[in-house]
Amino acid sequence: MIMTTTAQKVEAEKVEKDIILDIQELSVYYGKFRAVNGVSIPVERHKVVSLIGPSGCGKSTLLRSLNRMNDLIPTARVEGKVLFQGEDLYAPGADPIDIRFRVGMVFQKPNPFPKSIYDNVAFGPRINGFKGKLDDLVEESLRQAALWDEVKDRLKDSAYALSGGQQQRLCIARTLAVRPELILMDEPCSALDPIATLAIEDLIHQLQEQYTIVIVTHNMQQAGRVSDYTAFMNMDADRAGYLVEYDATQQIFTNPQDKRTEDYISGRFG
Amino acid sequence: MSISRQERNLAGRRRGDRIFGFVGLGATVLGLLVLVVLIVDVAKDGLPNLNWEFITSFPSRRPGQAGILSALVGSIYMLSLVALIALPLGVGAAIFLEEYEKRGWLASLIQINIQNLAGVPSVVYGLLGLGLFVRLLGFERSLLSGALTMALLVLPIVIIAAQEAIKAVPPSLREAAYALGATKWQMIWHVVLPSAFPGILTGVILALSRAIGESAPLITIGALTFIAFLPDGPFSPFTVLPIQIFNWVSRPQAGFHDRAAAGILLLLAVLLSMNAIAVYLRNKLQRKW
Ligand SMILES: Nc1ncnc2c1ncn2[C@@H]1O[C@H](COP(=O)(O)OP(=O)(O)O)[C@@H](O)[C@H]1O
Ligand SMILES: [Mg+2]
């Protein structure tokens, strides 16, 4: 009889579950300050994972280490592993430019370029040397972002002529246009009104069929509405963020295993 | 405990406010007045002489026939060369300082140098131009020597303006480009430079307005004061507006003084239109988005 260790069992489960992104014991530092401490989260393909937790617990920091945006901050440093499709994003040969092409990101505030709607969506394909039919790619991306009908007659207009919610969907379309394998969203609705927020949430549901999404949200109802899995983070006395609990969203919200999660969910702190 | 009404001294503070308002107004009016007197004085002598013939004639020994054509064309030619030289150098330096070497001793050293260079008297640039371009490189007393010297003179202005414009590009736009897999250079070329362009352009035009009025460095490198032909290339001898004006002012005949006044008006007109273009372009380019 062959004894399987727990570690092996976990590995076997990951294969079975088709893990696209495997965060292993990840710590992120800004200089000497540890902002994220030993977080491990496996992310399943075609699922939406939300990161929740009090402000300053390192959600954005964690998210930005998943497409190496943290490289842009000179003091930032990472320990641990992030396996994306089996390859470590922080292995010596890993190329951040390639990683960011494959792992898209949507930011807290809509940040369209001061260009036309069309040129915003076409930006990623163009800089990555896309040779196919750009018009079709732009249309398809805008459709996927549920924005096509609103902008199809004014593709040449400035992106700044759109409302905040439309701008954020444009930013999503822009991200989709490079066909990322994984999409990171950092509080994408925090600058939007409730109606625009709902539009984005609907969109996330639709995108799930083709993409995998990791979303940071401040809003627990939102986590409940959009995500399959939820990671609850908290910070210790040194303000280092750590993972308290990671489970199916349903489980986290109805039957949390950790007292701190329960307190946070029920609004007792944070 | 609260602050008493007496302590607050509202009336006294309001009076101080008013007095300072008047002082400021006085200072402004004085400045404007001097400018108006100057312009009126120049216009009185210059306007009657400022006509098409004046603009299209070469200088002459006879004041009644002396025109400003060679100086006007020389100025325009030189400014174009200055722009051509200073724009890529200035923007390149600004990109290096803002995007590639932001920190570090090299950047600080260059930064301090640029600020100091901006304050160096223009005649010193003239001496540099004389030694470097006229003599060492053998460009003679040519338009090219003059333009290179002037380009060095205005380079700090262009660099600083371009740096400010680059700094003003929101970090969120840079992040957006990076997040789509852009390289640093792609980010700079497709995002930073287009956004910074209006600011850079304004800086270049302001730099050119500085260059158009400068005569000391050009006199130092030996620009001529009497040129009765148009420059036929960058190696041609040349003159420019301020030098021609200076030449006329220093003649004894009153007729030449009137020509000088007309030349000053022309110089002012060119200067003002350049600034107007700068403002127009900036507003137009910014309004687009
Ligand atoms: N660029 C940075 N340099 C230094 N410290 C930072 C930087 N960005 C964030 N931090 C710190 O890291 C911690 C986590 O921040 P962040 O990831 O933005 O938290 P969250 O997104 O959960 O609100 C905070 O204490 C914050 O002050
Ligand atoms: Mg955050």
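Above: the structure in question.
In what follows, the accompanying structure is described. In this text, all values refer to a predicted model and were calculated from it rather than measured experimentally.

As for a positive patch on the surface
All names here are of chain B. A surface patch of like charges, here positive, comprises Arg5, Arg8, Arg13, Arg14, Arg15 and Arg18. Of all elements in the fold, only α1 (5–8) and α2 (10–46) reach the threshold of two or more residues within the positive patch. Considering every element that reaches the positive patch, the biggest residue donor is α2, with four residues. Mapped onto the elements of the fold, Arg13 is located in helix α2.

Things to note about the layout of surface pockets
Gaps between atoms show up when a probe of the same size as a water molecule is rolled over them. By volume, the largest pocket amounts to about 580 Å³. Lining the largest pocket are 18 residues, and of these A:Leu72, B:Glu99, B:Lys102, B:Arg103 and B:Arg174 lie nearest its centre. Breaking the lining of the largest pocket down by element, the ones donating at least two residues are α4 (69–100), α7 (143–167), α8 (171–179) and α9 (184–213) of chain B. Considering every element that reaches the lining of the largest pocket, the biggest residue donor is α8(B), with four residues. Across the lining of the largest pocket, the residue classes tally to nine nonpolar, no polar and nine charged.

Here we look at the nonpolar core
Counting 109 residues, the largest nonpolar core has A:Leu21, A:Leu62, B:Met78 and B:Leu218 as its most contacted members. Excluding its chain neighbours within four sequence positions, the residues that come into contact with B:Met78 are B:Leu143, B:Gly146, B:Ala147, B:Met150, B:Ala211, B:Leu218, B:Phe238 and B:Val240. One finds A:Val151, A:Met185, A:Ala196 and A:Ile204 within the second-largest nonpolar core, a separate group that totals 35 residues.

Thoughts on a nonpolar patch on the surface
Residues and elements named next belong to chain B. Where nonpolar side chains cluster on the molecular surface, the patch consists of Leu30, Leu32, Val34, Leu35, Leu38, Ile39 and Leu268 and spans about 630 Å² of accessible area. A total of six residues in the nonpolar patch trace back to one element, the largest contributor, which is α2. Within the secondary structure layout, Leu38 lies in helix α2.

What to know about the site of ligand 1
Residues and elements named next belong to chain A. With respect to spatial proximity, the complete set of residues near ligand 1 consists of Tyr30, Phe33, Ala35, Ser55, Gly56, Cys57, Gly58, Lys59, Ser60, Thr61, Ile73 and Arg239. Considered on its own, ligand 1 offers 560 Å² of accessible surface; in the complex 65% of this is hidden by protein. When contributions to the shell around ligand 1 are tallied by element, the ones reaching two or more residues are β2 (33–44) and α2 (59–64). Element by element, the count of residues in the shell around ligand 1 is highest for α2, at three residues. Of the residues assigned to the shell around ligand 1, the class counts are five nonpolar, five polar and two charged.

What counts, and at which threshold
Residues numbered from 1 in each chain as written. Chains lettered and ligands numbered in written order. Predicted model: local features only at pLDDT ≥ 70, side-chain atom pairs only at ≥ 80, totals over all residues. Heavy atoms only, no water. Patch = residues over 30% accessible without salt bridge, like charges linked within 9 Å, V, L, I, M, F, W, Y side chains within 5 Å. Areas by Shrake-Rupley, 256 points an atom, 1.4 Å probe, with all protein chains shown as cover. Salt bridge = Lys/Arg side-chain N within 4 Å of Asp/Glu carboxyl O. Lys, Arg positive; Asp, Glu negative; His and termini not counted. Charge placed at Lys NZ, Arg CZ, Asp CG, Glu CD. Helix = DSSP H or I, 4+ residues; strand = E, 2+ residues; numbered from the N terminus. 1 Å grid on protein atoms, 1.4 Å probe; cavity = no way out; pocket = protein on both sides within 12 Å on 5 of 7 lines; lining within 4 Å. Points joined across faces, edges and corners; volume = space filled by probe spheres on them. Nonpolar A, V, L, I, M, F, W, Y, C, P; charged D, E, K, R; others polar. Core = buried A, V, L, I, M, F, W, Y, C linked by side-chain atoms within 4.5 Å. Buried < 20%, exposed > 50% of the residue type's maximum accessible area, 1.4 Å probe, protein only. Contact = heavy atoms within 4.5 Å. Near = heavy atom within 4 Å.

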